[in-house]
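Observations on the three-dimensional arrangement
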Amino acid sequence: MKQVFDIFIIGGGINGAGIARDAVGRGLKVFLAEKGKVGSATSSWSSKLIHGGLRYLENYEFKLVRESLKEREVITNIAPSITRPIPFIIPHSKKLRSKLLIRLGLFLYDNLGGKTKIPKSSKINLTKKYSNILHSHFSVGFQYYDVQVDDKKLVEMNINDAKKMGASILENTKVINVNRAEEGWDINLDNGEIIKSKILINAAGPWINETVNNVIKINTNKSIRLVRGSHIITNKLYDEEVAFTLQNDDNRIVFVIPYKEQFSLIGTTEVDVNTPDNPSISDDEKIYLINTINNYFVKQISQQDIIDTYSGIRPLIEDFKEASKVTRDYVFDLNLDNNRSPLLNIYGGKLTTYRKLSEKVMEELSPYLSNTKTKNWTASKQL
Ligand SMILES: Cc1cc2nc3c(=O)[nH]c(=O)nc-3n(C[C@H](O)[C@H](O)[C@H](O)COP(=O)(O)OP(=O)(O)OC[C@H]3O[C@@H](n4cnc5c(N)ncnc54)[C@H](O)[C@@H]3O)c2cc1C
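Residues numbered from 1 in each chain as written. Predicted model: local features only at pLDDT ≥ 70, side-chain atom pairs only at ≥ 80, totals over all residues. Heavy atoms only, no water.

1. Considerations on the packing of aromatic side chains
Rule in force here: Aromatic pairs are defined between Phe, Tyr and Trp rings, using the six-membered ring for Trp, whenever the two ring centres lie within 6.5 Å; interplanar angles under 30 degrees are classed as stacked, those over 60 as edge-to-face, and all others as tilted.
Summed over the entire model, instances satisfying the criterion amount to twelve aromatic pairs. Ring centres of Tyr 330 and Phe 332 lie 5.8 Å apart, and the angle between their planes is 25 degrees; on these two criteria the pair is classed as stacked. In this structure an aromatic cluster arises from ring pairing among Phe 88, Tyr 109, Tyr 144 and Phe 255.

2. Focus on the pattern of salt bridges
Counted only if it meets this: Throughout this description, the term salt bridge denotes a Lys or Arg side-chain nitrogen within 4 Å of a carboxyl oxygen of Asp or Glu. Labels follow the DSSP assignment, with helices taken as runs of H or I lasting at least four residues and strands as runs of E lasting at least two, numbered in each case from the N terminus. Note on classification: 1.4 Å probe, protein chains only; a residue is buried when its accessible area is under 20% of the maximum for its type, exposed when over 50%, partly exposed between these limits.
Evaluation of the coordinates by the stated rule reveals 21 salt bridges. The partner of Arg 355 in a salt bridge is Glu 71, with the nearest N and O atoms 2.9 Å apart. Of this pair, Arg 355 sits in helix α7 (residues 354–365) while Glu 71 is found in helix α2 (residues 62–78), placing the two residues 284 residues apart along the sequence. An identical accessibility class is assigned to Arg 355 and Glu 71; each is buried. Across the pair Asp 146 and Arg 72 runs a salt bridge, and its minimum N-O distance is 2.9 Å. A residue pair is termed long-range when its members are at least 10 positions apart, and Asp 146 in strand β6 (residues 140–149) and Arg 72 in helix α2 qualify at 74 residues. Accessibility expressed as a relative area gives 2% for Asp 146, which makes it buried.

3. Digging into the layout of surface pockets
Any space left empty among the atoms is revealed by the rolling of a water-sized probe across them. Selection rule: Throughout, the protein atoms alone are placed on a 1 Å grid, and a set of points is a cavity if a 1.4 Å probe fits but cannot get out or a pocket if it is open with protein on both sides within 12 Å along at least five of seven lines; lining residues have an atom within 4 Å of a point. Grid points are joined across faces, edges and corners, and a volume is the space filled by probe spheres set on the points.
When its volume is computed, the second largest pocket comes out at roughly 560 Å³. If you trace the second largest pocket, you find 23 residues lining it, with Lys 48, Val 149, Asp 150, Tyr 259 and Lys 260 closest to the centre. Of all the elements in the fold, those that place two or more residues in the lining of the second largest pocket are β6, α4 (151–164), β13 (253–259) and β16 (308–317).

4. So, the pairing of strand β14 (residues 263–267)
Where we set the bar: Any two strands are treated as partners once DSSP identifies two or more bridges connecting them.
Burial analysis of β14 places four of its five residues in the buried class, the great majority of the element. As paired elements, strand β11 (residues 224–235) and β14 share five bridges and run antiparallel to each other. Across the sheet, the residue bridging to Thr 234 is Ser 264, located in β14. Examined bridge by bridge, β13 and β14 share five bridges and lie antiparallel to one another. The partner of Phe 255 across the bridge, within β14, is Gly 267. Counting the residues between successive antiparallel strands, the hairpin from β13 to β14 contains three residues, one of them, Lys 260, with a positive phi of roughly 45 degrees.

5. Focus on the nonpolar core
Which entries qualify depends on this criterion: The term nonpolar core refers to a set of buried residues drawn from Ala, Val, Leu, Ile, Met, Phe, Trp, Tyr and Cys, joined through side-chain atoms within 4.5 Å. The split of the chain into domains comes from an automatic or database domain assignment.
In this structure, Ile 7, Ile 9, Leu 154, Ile 201 and Val 361 are the most contacted members of the largest nonpolar core, which totals 42 residues. Inspection of this core shows a minimum of three residues originating in each of domain 1 (4–42 + 152–221 + 328–368) and domain 2 (68–150 + 225–325). Of all hydrophobic cores here, the second largest spans 25 residues; its members include Leu 64, Val 65, Ile 90 and Ile 257.

6. A look at the side chain of Asp 22
Keep this limit in mind: Here, two residues are considered to be in contact whenever any of their heavy atoms come within 4.5 Å of each other.
By secondary structure assignment, the location of Asp 22 is in helix α1 (residues 14–25). Look at Asp 22 and you get buried, because its relative accessible area is 0%. Ignoring any residue separated from it by four or fewer positions in sequence, one finds Asp 22 in contact with Ser 358, Glu 359, Met 362, Trp 377 and Thr 378.

7. Brief notes about helix α6 (residues 283–296)
Inclusion rule: Multiplying one less than the number of residues by 1.5 Å gives the expected span of a helix.
Counted at 1.5 Å a residue, the expected span for α6 with its 14 residues is 20 Å, and the 20 Å between its end C-alpha atoms agrees. Where α6 is concerned, the buried positions are Glu 285, Lys 286, Leu 289, Ile 290, Thr 292, Ile 293, Asn 294 and Tyr 296.

8. Quick notes on a positive patch on the surface
Spelled out, the test is: Exposure above 30% relative accessible area and the absence of a salt bridge qualify a residue for a patch, where like charges join within 9 Å and nonpolar side chains (Val, Leu, Ile, Met, Phe, Trp, Tyr) within 5 Å. The protein chains shown are the only cover counted for residues, whose accessible areas, like all others here, come from Shrake-Rupley with a 1.4 Å probe. We count Lys and Arg on the positive side and Asp and Glu on the negative side, and we leave His and both chain ends out. Just so you know, the charge point we use is NZ for Lys, CZ for Arg, CG for Asp and CD for Glu.
Taken together, the side chains of Lys 94, Lys 99, Arg 103 and Lys 123 make up a positively charged region of the molecular surface. Within the secondary structure, Lys 123 is located in strand β5 (residues 122–125).

9. Points about the pairing of strand β10 (residues 194–202)
For strand β1 (residues 4–10) and β10, the ladder comprises six bridges, and the chain directions are parallel. Bridge pairing in β10 places Ile 10 opposite Asn 202. Judged from the four bridges that link them, strand β9 (residues 184–189) and β10 form a sheet pairing that is antiparallel. Bridge pairing in β10 places Trp 185 opposite Ser 197. Hairpin connection, β9 to β10: the antiparallel pair is bridged by four residues, and Gly 192 has positive phi, about 95 degrees.

Quick look at the structure:
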């Protein structure tokens, strides 16, 4: 008789990988199909930060920032080989956010997540420090810490752990069609196989609208907004192991982050797009990032300094706001047929929150899984 899996996951990005690991560790039979290589889409095109998201405080996203700060602590503990805290400097500009607002934001950032090993924020004198990097009119700055991560490895480590515990993971295999059966799902793969599973999870990231409409073919009132974010990479702009959070007139911020010892990673942008496929940076985005550097740094750069670029599509929950104000949180859309054959669509989410998201997925699905261990386990088990 054909094997029936408990959970089938579409997509091997950070969310699919995290769910696969969590579920198989609870004794469930898990199958994951990824149309490319695991972790090779959005989850490796990020700014590579496990962060609370200081900026989201301006949008009053206290719940998301608190959860993210707690996760920053957890992920630093379970994946020490691929994470490192680094200081971020916000140069203060009189025309932009006031000192009071920044201090208030940093006070919340230091305290919302509870106990942490990560150093607290402080005010710094930029005439004494980093005057070799910044224009001389930046005299006051603020320092806080966030965590840099190897995003692709984070996915791979979750996948490898899931495999070790018995999950079936297929790369270069696309889910092309699914059928809701009496008790579960028949899932058609582009290699001709049909997999049977009790539950279907759609973790297709920015391809979620496409999978809902063309693969699963159901109606839902949720949708995703596709917002491209691009980075440029230059030879390192300075030697210090410090990152910068640069504010722009449009209220957005741009990070400059030390990258792979020899480089600086500069991003990101926000451009609405119609398709998640083949994202790439436009000239306007390059100019926006270059201008930001030149407004702040003594060292001036031009398009010739760009060594490489990459772009990714943020899968943001559509709430019809300006891109920078759209929430970075996630929502689940549970779809049932007469209380049977569950389908869980995952909208949104960040690299930082993948582990908590995975736990919440298990909680949401627990009424439909009789054979699962309910105890959460991923917060304390090394990757
Ligand atoms: C520019 C940018 C910067 C970011 N910076 C940060 C950051 O610093 N910190 C942070 O926490 N978050 C950051 N994010 C957000 C974070 O990267 C994403 O939210 C996260 O990676 C999404 O993961 P995912 O698993 O949902 O999607 P993905 O990684 O895209 O995974 C979905 C997978 O589904 C696969 N798939 C789709 N359709 C099918 C199908 N039919 N069959 C099989 N497989 C399929 C795709 O190939 C893909 O690999 C950033 C995002 C962007 C775009």
